[in-house]
Amino acid sequence: MLEPIHTIGVLTSGGDAPGMNAAVRAVVRAALSQGLSVRGIRRGYHGLLREEIIDMTGRDVADTIQRGGTILQTARSEQMRTPEGQLKAAGILKKYGIQVLVVIGGDGSFAGAQTLTEYGIKVIGIPGTIDLDIACTEYTIGFDTAANTAMEAIDKIRDTATSHERCSIVEVMGRDAGYLALWCGIANGAECILLPEDHGYDENKIVEDILENRRRGKKHYIIINAEGVGDSINLAKKIEERTGVETRATILGYLQRGGSPTVKDRVYASIMGVKAVDLIMQGKMNRVVGYKGGEYIDFDINDALKMNKEIPDYQVEVAKIL
Ligand code: F6P
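About the cut-offs
Residues numbered from 1 in each chain as written. Predicted model: local features only at pLDDT ≥ 70, side-chain atom pairs only at ≥ 80, totals over all residues. Heavy atoms only, no water. Pairing = 2+ DSSP bridges. Helix = DSSP H or I, 4+ residues; strand = E, 2+ residues; numbered from the N terminus. Axes fitted to C-alpha atoms, helices over the stretch in contact; angles between N-to-C directions. Contact = heavy atoms within 4.5 Å. Parallel < 35°, antiparallel > 145°, perpendicular 65-115°, else oblique. Left-handed = near helix turned anticlockwise from the far one by under 90°. Nonpolar A, V, L, I, M, F, W, Y, C, P; charged D, E, K, R; others polar. Core = buried A, V, L, I, M, F, W, Y, C linked by side-chain atoms within 4.5 Å. Buried < 20%, exposed > 50% of the residue type's maximum accessible area, 1.4 Å probe, protein only. Domains from an automatic or database assignment. Polar contact = N/O pair within 3.5 Å; in protein donor to acceptor, adjacent residues only side chain to side chain. Buried area = accessible area lost by both parts, 1.4 Å probe. Salt bridge = Lys/Arg side-chain N within 4 Å of Asp/Glu carboxyl O. Near = heavy atom within 4 Å. Areas by Shrake-Rupley, 256 points an atom, 1.4 Å probe, with all protein chains shown as cover.

**Let's talk about the sheet that holds strand 8 (residues 221–226)**
Stage number 1. Here four strands make up an open sheet; going across it, the order is 7-8-6-9 and the pairing parallel. Two strands lie at the open edges of the sheet, namely strand 7 (192–194) and strand 9 (247–251), each paired on one side alone. Taking the axes of each pair of neighbouring strands and ignoring which way they run, one obtains an average angle of 15° across the sheet.
Stage number 2. Relative to strand 9, strand 6 (residues 167–172) runs parallel, the two being bridged by five bridges. Among the inter-strand pairings, Glu 171 is bridged to a residue of strand 9, identified as Ile 251.
Stage number 3. Along the sheet face, helix 5 (residues 143–164) touches strand 6, strand 8 and strand 9 and points at about 165° away from the line of strand 6.

**Some thoughts on unusual backbone geometry**
Stage number 1. Positive phi outside glycine occurs at Asp 63, with the angle close to 65°.
Stage number 2. Checked against the element boundaries, Asp 63 lands in the loop between strand 3 (53–56) and helix 3 (83–95).
Stage number 3. Located in the positive-phi region is Leu 132, a residue other than glycine, with phi close to 60°.
Stage number 4. Residue position: Leu 132 is located in the loop between strand 5 (122–127) and helix 5.

**Considerations on the packing of helix 7 (residues 203–215) against helix 8 (residues 232–243)**
Axis angle and axis distance: for two packed helices, these are the angle between their axes and the distance between the axes, and together they describe the pair.
Stage number 1. Orientation of helix 7 relative to helix 8, taken along the N-to-C sense of each, is 55°, at an axis distance of 10 Å. By the angle between their axes, helix 7 is oblique relative to helix 8. Taken as a pair, helix 7 and helix 8 cross one another with a handedness that is right-handed. For the pair formed by helix 7 and helix 8, the contact residues are Glu 203, Asn 204, Ile 206, Val 207, Ile 210 and Leu 211 on the first element and Leu 235, Lys 238, Ile 239, Arg 242 and Thr 243 on the second.
Stage number 2. For the contact of helix 7 with helix 8, the per-class residue count stands at six nonpolar, two polar and three charged.

**A look at the nonpolar core**
Stage number 1. Membership of the largest hydrophobic core comes to 63 residues, with the highest contact counts inside it found for Ile 8 and Val 102.
Stage number 2. Each of domain 1 (7–142 + 261–309) and domain 2 (145–257) accounts for three or more of the residues forming this core.
Stage number 3. With sequence-adjacent residues up to four places away left out, Val 102 is seen in contact with Ile 8, Gly 9, Val 10, Leu 11, Val 27, Ile 124, Ile 126, Ala 276 and Ile 280.
Stage number 4. Formed by 25 residues, the second largest nonpolar core is a distinct cluster that contains Tyr 45, Ala 90, Ile 92 and Ile 98.

**Thoughts on the environment of Lys 122**
Stage number 1. Checked against the element boundaries, Lys 122 lands in strand 5.
Stage number 2. Spatially, the C-alpha atoms of Lys 122 and Val 102 are 8.7 Å apart, while their sequence positions differ by 20 residues.
Stage number 3. In this structure, Lys 122 is in contact with Glu 3, Gln 99, Val 100, Leu 101, Met 285 and Asn 286, ignoring residues within four places of it in sequence.
Stage number 4. Here the side chain of Lys 122 touches Glu 3 through a polar contact of 2.7 Å, side chain to side chain.

**Some words on the domain arrangement of the chain**
Stage number 1. Domain annotation for the chain reports domain 1 (7–142 + 261–309) and domain 2 (145–257).
Stage number 2. Tallying the contact residues gives 13 residues for domain 1 and eleven residues for domain 2.
Stage number 3. Regarding the contact of domain 1 and domain 2, the summed buried area is about 1,100 Å², with carbon and sulfur atoms giving 52% of it.
Stage number 4. The interface formed by domain 1 and domain 2 includes two salt bridges.
Stage number 5. Note that Arg 175 is salt-bridged to Asp 131, the shortest N-O span being 4.0 Å.
Stage number 6. The tally of links from domain 1 across to domain 2 stands at five residue pairs in polar contact (both at pLDDT 80 or more).

**A look at the site of the ligand**
Stage number 1. Neighbouring residues of the ligand: Arg 76, Thr 129, Ile 130, Asp 131, Met 173, Gly 174, Arg 175, Glu 227, Tyr 254 and Arg 257.
Stage number 2. At 2.8 Å from an oxygen atom of the ligand is found a side-chain nitrogen or oxygen belonging to Glu 227.
Stage number 3. Isolated, the ligand exposes 400 Å² of accessible area, and the fraction of that covered by the protein chains is 79%.
Stage number 4. Of the residues belonging to the shell around the ligand, the class tally is three nonpolar, two polar and five charged.
Stage number 5. Domain assignment of the residues forming the shell around the ligand places at least three in each of domain 1 (7–142 + 261–309) and domain 2 (145–257).

**Points about the sheet that holds strand 10 (residues 287–292)**
Stage number 1. Strands sit in the order 3-2-1-4-5-10-11 across an open sheet of seven strands; the sheet is mixed. The open sheet has two edge strands with one neighbour each: strand 3 and strand 11 (295–300). Neighbour-to-neighbour, the strand axes of this sheet turn through a mean angle of 25°, independent of strand direction.
Stage number 2. Examined bridge by bridge, strand 5 and strand 10 share two bridges and lie parallel to one another. Its bridge partner lying in strand 10, Gly 125 is registered against Val 288.

Dropping the structure here:
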């Protein structure tokens, strides 16, 4: 027999991502409409361990769908990686009557949620990260906004690179994954994209390509470098020395994580938030929500965390052709 659910909790964890507020809003409103009580946990697992727990009403999430960041705040918690922290977190959730915890975040946040299931807490994961590096889903909340933000910034860098006839290296976020770099590379028509998945790049080839482009009269050369490759400042120095072409490096950094979410991030995050509550109402627990092949789906959290994700070869090919 299904245990009747009356109270759920929701938190955002790890790096913030535009669209997280749309997901929180959807979870809160969908749950309230089903007669559930909702407790918001501030500052992710870090706040949970400090009992930063508030009751949430529909009004608490009004005027939030268009806002970047997360109204619940977020944090990275070292304590939650320890068995003592996990046991304490489960105890606090029980103390506050939270039967199901909805976790909006990335793989690390889901790993924390998975450990809670071992202490009898039910969980639902919603993928939220600008890195797009969660294996069970083709969409993660925030990627679309971050890619658009980076694309606009790179367009601006291209203007000045062209005026000065420079080479520009632009480093985008993504941790160990190259999705943001690949998408920006295609969207910005970059001459070169460096991906962590490509395992090392050929500096000689880049130098030759820059010189060849110069001979053909091209006024700029844009290299999109993934954070997982890094070392952009050094690379710029080396390229300038070897080509004689003035080279500048720009690390876009945290600006990619902020800003008002795009329509895609608002809508997909809203649907995923409602789906999380639907799963709870159906008694489908310990699931991670995903999006694949045009459909919103869900996976067992243990299976989801075992999956691997590869950067799509065809997209890499497309970038090379163009
Ligand atoms: O996971 C999102 C992300 O922005 C990554 O792209 C980046 O590597 C990391 O978070 C930065 O984390 P922090 O905010 O802890 O510096």
